[in-house]
Every structure is written in structure tokens, then in C-alpha cells.
Amino acid sequence: MARKTHDVLSVDWVRLELLRTAYSTRGGLFSRMDPRMVLAWYLVMAIAPWFTHSTGVLLVLFVLGAASVVLARVGPLVLGLFLIGLLGNVVGLFAASFLFGGDLGTLVALGELNLKLGAVSMASMAAFVSLDPEKLSDALLWFRAPELLAFGVSYGYRMLPILVDEYVTVFEGQRLRHAPVEKPGFLGLRVVWQWCVLAVTAFYPIMLNTAKNVRTTVEALETRGFTYGAKNEAGRTLRLAYLRVSALDVTVVVVTVLLVAAAFLVGPGVPVIG
Amino acid sequence: MPTVPPTTHPTAQQAAPQQATAQRATLRDTASQDPAPQEAAVQDTPAAQAAAPVIRVKDLSFRYPGTDRDTLRNVDLTIERGDFVAVVGGNGSAKTTLCKTFNGLVPHYWSGDFAGSVHVGGIDTWESSVAELSARVGYVYQDFQNQLVRPTVRDEVAFGPLNFGHADYRERTDEALAQLGIEHLRDQFVWQLSGGQAHLVALAAVLALRPEVIVVDEPVAELDPARAGEIYRRLRDLNEREGLTVITIEHHADFIAQFAKSVVLMADGAPVWHLPIQEAMDRHADLSSHGVPAPDAVALTAAVGAPHVALDVDSAVRILRPALREQQVPGSEPVPAAAGAGNDGQVPGPDPATPASGMVDTGPEAGETVADTAPPAVVASLRGVHHGYRTVAGGLSTVLDGLDLDLHAGEKVALVGTNGAGKTTLMKLLTGLIVPRAGTVTVDGIDTRSRSAARLADHVSYIYQHPQQMFLKDSVREDIALFPRGRRVEDAEAIVDRVVAEAGLSALAERDGRSLSGGQQRRATLGIGLAMRPRLLLLDEPTSSLDIRSRDDVTTMLESLSGTVQCAVVATHDMELVATWATRVLVLDRGRVLADVTPQELFSRPELTTQTRLVPPQAARIGLELGLDPLPLTAEDLRARLRTIDGTVESARADHLSRTDGLGATGFDTTGTGER
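The structure contained in this document is the topic of the report that follows.

The rules we used
- Residues numbered from 1 in each chain as written.
- Chains lettered and ligands numbered in written order.
- Predicted model: local features only at pLDDT ≥ 70, side-chain atom pairs only at ≥ 80, totals over all residues.
- Heavy atoms only, no water.
- Helix = DSSP H or I, 4+ residues; strand = E, 2+ residues; numbered from the N terminus.
- Buried < 20%, exposed > 50% of the residue type's maximum accessible area, 1.4 Å probe, protein only.
- Contact = heavy atoms within 4.5 Å.
- Areas by Shrake-Rupley, 256 points an atom, 1.4 Å probe, with all protein chains shown as cover.
- Pairing = 2+ DSSP bridges.
- Salt bridge = Lys/Arg side-chain N within 4 Å of Asp/Glu carboxyl O.

Right, let's get into the overall build of chain A. A count of helical and extended segments in chain A gives 12 helices and 0 strands. Ordered by position in the sequence, the α and β elements of chain A form the string α-α-α-α-α-α-α-α-α-α-α-α. In chain A, which comprises 274 residues, the share counted as buried stands at 45%. Within chain A, residue pairs in contact and separated by at least 24 positions form 83% of the contacts whose partners lie at least 6 positions apart. Of the roughly 14000 Å² of accessible surface on chain A, a fraction of 74% belongs to carbon and sulfur atoms.

This is the structure in C-alpha cells:
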């Protein structure tokens, strides 16, 4: 079998998708909004589904969630993982209940929970794909989240691409230096098993290297006034001074609230099985 | 030997131009019992009051908690405002600890036993805090990548001013970026930056606090020489235009000679001396005995007995021209067409220093020189290779563009070119980690498309740029044994034992690779590569971020590669390595082979080196300016063509150190007696 370069579903693709997601390079409606309003919008969308048991209402909310995923331009990797998770959940639970004497009614009962989870997950994807690290950290700071949390979030994002690169490098090194399995075994299970082992053990050098590197970071934070800034309000005020709520922000949030309210009104009338 | 030449201390302004700022040369000297320096330390001239020193260290001793000896011992040091100081000294001489006392990290972050005092701009650091002092003294770390904490460049630079609540943080950010000429980077993400850019951003972030002093810890360690030179030029600008005091910790004497105004030599926790640059370089024997070998310009001009050594290439050329042995008329020299000929052409006479190893003998460069021998076997070849990567934005960026190349047995190939020229991609293609989008790559007769990278690893091995990414096990021995044991190679244990011994790691074999020093880590990764017994060995920047001594170790080890390794390819920015090791140089530029030459030819074509941002070794630059043909590549080569004051021709690099020591002494003695 001749090897060739794959542009999708390759390690490199996963890496790029992570970056596109984390740094919201695809744009989209919510990425143009004030980060505080995006978080407010997210709260509305994420909390509303928990106040109802009506499958009809949940179906409408699910559709709203799907619409926001489209508006936020969520990438294929995250979306794919979500679908696999959701469908896997439905199929798995149904299979399990069927074995224990369930019928189609079980599927409907499961539908409620999965619609709920689906709606919330899609709102989360839409919100967090649209917030780049700087905005997210500033919004958290505005909501009086602890300084360390707000900083940690942005620092995590800054480290992510570097850690992913390092992981890929170490993993490749593992593959080169470990002997390939001689016989692939049933369905290539031995190959899969070796990949899994190598993928996990590749974390070992990375954690040790990171632990070593972080010492400089901590010292540098000190010299750049991080602890000083955490104790003094002036820096926070300056940092957040740029945040402005625009007409777009208000419109999006108001429209969302109205739509959610409408969902609760119209929902019970939506024809759903059960 | 007096520590302070008595003529250098009074009236700062009128002293020789370069030396003005650093006339104070007075530190507690472990080697000298001369009482004079202590007196010279007391500044009472009127000029001294006009510009109070920016940093004054008095009787400072410091001991880290949990250790049983002082790291800093009785340090007395004064740094004048506007100076450009290089702090030099061997490993463990406490250079970094000293510099961390300037911004209060010692004793406020690293608490320990602290005695004596440090004043920065009149403030006693003991009574101040890291936050307050950081606004006066900026610090750029050696591993500056870890100093960057925010996602974007703009946010990174504004981070300090925002924390300190400076309302003008935007102006400060713009100003700092403008000072370094990197405004175009302001919206970039930090992970998109190249090493040189990241260093400038770290520097800008420090400048945004408008400090009076900047400390830069070993900029050359993590950067290639061309980029490090750029950083130094920016630092010199800041020093000259803005009057900023710059302190660098540095191993590389050529940068010190070119940029610094004064030098502090540290040994064993205390300064040996602090001298203006010219005098410091005149004492290159002191420097060299403390692990800072003299740059070629200094060593060579000292060898011909110049009263004051040359600090850069131009002045070295002026001094050395009259000292040349019989000037050869170009065209009539014994070695014809030297530039194009095989490597052997360069060695004048019985010089054993240059390439002598098992690998070269397999065959001369190319068929052109000797017609009767069969061309050496091809180890790897690339035919019409195109490759590119997807970008975050989704486009395809081409890295290699129609590459045709053959690598032969017996070759020692250096792969050079700017960042992004495609060096690493080419290496990864040869390992089979990636396959080309078009064209074929054949290694040891195997098309890389037909076999997995793990199986190709029997034929080719690849050594990463960052050694810590290759330490997968908890001891060096286990890491070296991983490959041969896993593949059930016969006598695997014997191979491991031999490699451990060859790499000089016998004493360290049971330690975790991460706990070793930079040079030891490199040797360990070379050992890992050798234990794989490849036909083709690929190395990515094997000498980067090493001090000069460890770099020589690694170069020596590369020289001795033999046996199963038929061909070695090194991607490097290190032109000293190219000069002493390579037999063939491939210059990559924007995905194509710009030139396929010998090291000599590369260094005799300035247009080529300029275009690809390569900095030839100083000796080669001096040789080129002197119009020597064939071009000398190392200081030893060039030295053999000079009338030196001791009249003998030595060559082996091994005794370099003792030789310069000896010369230093005689050089000093004879200067007064009118030698030349």
C-alpha cells in the first residue's frame, strides 16, 4: 500500500483544527461580539433547556442550538466529535435498554435527555469557538473570576499549539524508535494496541519538559508585575476599558431571549412522538 | 599582573573613546593580591558625580537555601549609566545569579543568605521589591520562549504596563515595538513567531516598562548567529540612541568584541576583573582560561604580536596583511582551481587538523576531480520532489519545489539556509515520517512510499534539534538501548555498551537525560542515533545552544562517525561546524537547492552567504578580505600562512587553549619592545 499525504483526518489536520477552534480563525457572528455578551448569550442558551421536560420545547431549542453552530462556523473536527458522542450515546443506550426488554418507547424517553444535552453542547461549541483566548480571559476578569483563572485560561491557549507540536514530535520519535509489531493480529488489534501505548507514553517526556520550562515562566511573571497587578485594581480597569456593548450584541441577546421564550410557548404544541 | 592599568581610571570623558564608560576596573581578584585596584575603586573625580553609576554592588555574598557554599562571594562591581557590559565566565561562575540581583529576584524571589548591598539607580534592592525594580531593570531570559505568557504579541507587550496600571500602556506598547522595528508583528499569535522574532518580542515586552537597564541572558544560545547578530545590533541602537544600559551574559567572544563596551569576567562567584573592551580582549588568555575562547580576529592578531588585538574582521585584516607569508599571486598558486576542487585542495602542507576521518576516504566529492574511480554508491535520492503544508487559514504553503538530489556514500553533507528554506522538511522526507506530495524519495534503494517510517528507521535515523524530546525512558542507557533491544538486534547489549563508551557517557548512563548539561544531552542523543546503526544519519542543529567547549565535543564526535553510517546530513546554522566538518554544502533557499558546493566555495562567495543570511567563520571572512586563495576555513589554516611571533606552525585544535595562553603572555611582553 503506497503512502500518501492526507489533508484531512491526519495528525496535522487535527493540530490545525485545534488551532482554528481555539483561536476562532473562522470568524462567525459571535466572534464579532463583546465577549461578556457572548457569555451572557451562552448562559441563556445553556440554562434554558434544564427548565423543561417537554420534548417539543427541547426540539425547538435543539434547532436553535444547531442554528447557532452554523452561525458560529464551528469546524468539522469539533462537530464530528460531537456527533459521534451524541449518536454513540443514543445508539449505545438504546441497545442496552433493548437487551433488558425495552422497546421504541425507551428511545423516546432517551430522546429527551439527548436533546437537552445536544442543545447545551451546541451552545457551548458556538460560544467557545467564537471567543479567542484574550477575549475569554478578559470577559472572565470582568465577571470577577479569580485573576489566576483568567490568566490560566489565556496561558493555556498560548501553550496549546506548542504542546501539540511537541506531542507530535515526541510521538513520531516513539514510532521511529519502537519496533513495529511483527504480526498485526486479529483486525490489526496489536497495531492499534501499540499505537495506544505509544500515544499515552508520549505524555511522559512532555510533562517533564513542561515542568522544567515553567520555572522560567513563573519567575518572569513576577518580574512583569503579575502579582502586583493582581493586588491593584488599576491594571484590571485599564485592561477592561476597551470592552463595549454594541447594537449587534444587544440585538443578538434580545433575539435569543425572545426565541427561547417563543420555544417555551410554541414547544408544547409541536407534534412529537410521545 | 595588575588588575587595573593605572592609566585608565581618571576623567571618564577624556579617556579613549571606547574605553570611557568602563574605566573602572576593579574588582576583587582571586588571582591578584595587588592593592591598587581597591584604591581605584573609590571614584572621587567630578565626572563621577555628573553621572552616578546605575548599578553599584558592594561586598555582596549570596547563598541559595539548602546549599553549603556561597554562590556569589564578596562581589564589588560598578556599572556606569550608558555602558554596554558583557558578563562572561565559565559554567557555574554565577553570572546569572549576579544579574538576578539587579532586578531583585535575588533576594526577594530566591531567598537565601544575602550579605552586602546592591543599589540600582540609587535604590537599595534589599528594601525594594521585584515589582518596583523590574520597572528599572528589564530581564530577558535565555529560554525566552517561556517568558512569553500571552497569546498575541500586542497583549504580550502590554502585559507589564497593564499590570503596573500605566494608563499610557498603548503608547508604551507601540513605542517598544517601534524601537525594535517589529510593529508588523503586533497582531501575530505568539506561537507563530520564529525564534528571532520571539526574542525581539520578549525584549519589547521588557522595554515597554521603560527600564534604565536591560539584562539579556545569552541571546546566542537559542538563536542562529545571523539572528543573534541582529539582536545585538538592536541592543547597540538602544544603547547608543536611548542611552539604555545593556548587560549581556555571553559565551561567544566574537559578539562581545564586536558590540560590548566593557567586559566583566566572572570566576567562582566573583568578578576577576571589569575592563574596557580593548583591554579585556588584549587579555584573551584570561578569557580563554575561563572558558571563553578568543574569537579568530583576536587570536590571530595576537599571534602576530599586535600591540592591541583586533576586535573585528576589518581591523584584523589591516593588522594581518603585512604579516602574511609569501603573498601568492592569484592564479600561480600550487593548487589549481581550488574553489571548485575537492576538499583536499584546501589543506596547505602537513596540516592534520582538517577533515580526516574514515568517512571521507570512501570517495572524492564528485566525479569531476578523479575520472578513473567509479562514482560512490547513492545512499538516498530525491527526484522531482514537491511538498507543502496546509496553513491555519486553509491554504497550501509550498516548502519544497521540484527538488532533485543524490546523497552518496562517504559524504558529510551540511544543509544550510534560512528558516523556512525547507531543511527540516527535507530531513523528514528522508526519514519517511512524511511522504512527498509529488516526486519520489528513495533511501537505501527503498521508495519511502512503500514502507512505514518505523521500518525505514532500520536504514535512516533522525536526531532532533531539542534533545529533551528524545528522552523517552528514565535513563540514558535505556534510551540508547530502546532501538536495538526492540528490534532484537543480535548483541544489542554489546552495541549499547560500545555506544555509551564512544559518546563518553559511561559515568552518566544511569541518569535521566533531562538532568544532563546541554553538551551531555547532545552526546546522549548522538548515542541514540548511533545505536540505531543507520546507513544515513540525519541531525537537526546538533550544535545549537551549546557553549563553545561542548560544541567542540560534539564536533569531535561527528568527526568520528564511521562504521555503519555511510552518509551524514546535518541541518545547521553553525558555519564553524560547516567549515571544520562538512565535505559538501547544500544551500537551500525557498524550497530549491541554490548551490551545491564545498565549504570553501561557499565562503568565497559573499553574495551567496549574504542572500541566505549565513555568517562565515571569522577566519574565512578575514581570509577572503586578505584575498587568500585557497581560502582558509579555520583560524589554524589562516595561522599557518602568517608570520607569527613564535615562528612555529601549530595546528591541532586540541591544544588551542594552552597555545593561546602561552601566546597571550608573550604577546603582552613583546608589545612594549617594538615588535612590529
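So that's the structure; there's more coming.
Our focus in this paragraph is the sheet that holds strand E4 (residues 113–120) of chain B. Remark on secondary structure: sheet strands pair via backbone hydrogen bonds, oriented parallel or antiparallel. All names here are of chain B. Spatially, the 4 strands line up as an open sheet ordered E2-E1-E4-E5, and their pairing is antiparallel. Among the strands making up the open sheet, the edge pair consists of strand E2 (72–79) and strand E5 (123–124). Here E4 runs beside E5; their pairing, made up of 2 bridges, is antiparallel. By the bridge assignment, Val 120 is partnered in E5 with Ile 123.

Moving on, we come to the pattern of salt bridges. Counted according to the given criterion, the structure contains 51 salt bridges over all chains. Across the salt bridge formed by A:Arg26 and A:Glu17, the nearest N and O atoms sit 2.8 Å from each other. Residue A:Glu17 is classed as buried on the basis of its relative accessible area, which comes to 1%. B:Asp268 is paired through a salt bridge with B:Arg69; the nearest N and O atoms lie 3.4 Å apart. Within this pair, whereas B:Asp268 is found in the loop between strand E9 (262–267) and strand E10 (270–276), its partner B:Arg69 is found in the loop between strand E1 (55–63) and E2, the two being separated by 199 residues in sequence. Take B:Asp268: its relative accessible area is 41%, and that puts it in the partly exposed class. Salt bridges here are not isolated pairs; linked through shared partners, they connect A:Asp138, A:Arg239, B:Arg150 and B:Asp155.

All right, on to helix H6 (residues 133–142) of chain A then. Quick reminder: α-helices carry 3.6 residues per turn. Residues three or four places apart thus point the same way. Burial within H6(A) is extensive, with 8 of its 10 residues counted as buried. If you check which residues of H6(A) are buried, you get A:Pro133, A:Glu134, A:Leu136, A:Ser137, A:Asp138, A:Ala139, A:Leu140 and A:Leu141. Buried-residue contacts for H6(A) involve helix H1 (11–22), helix H2 (35–47), helix H5 (104–130), helix H7 (147–177) and helix H11 (233–240) of chain A together with helix H6 (153–163) of chain B.

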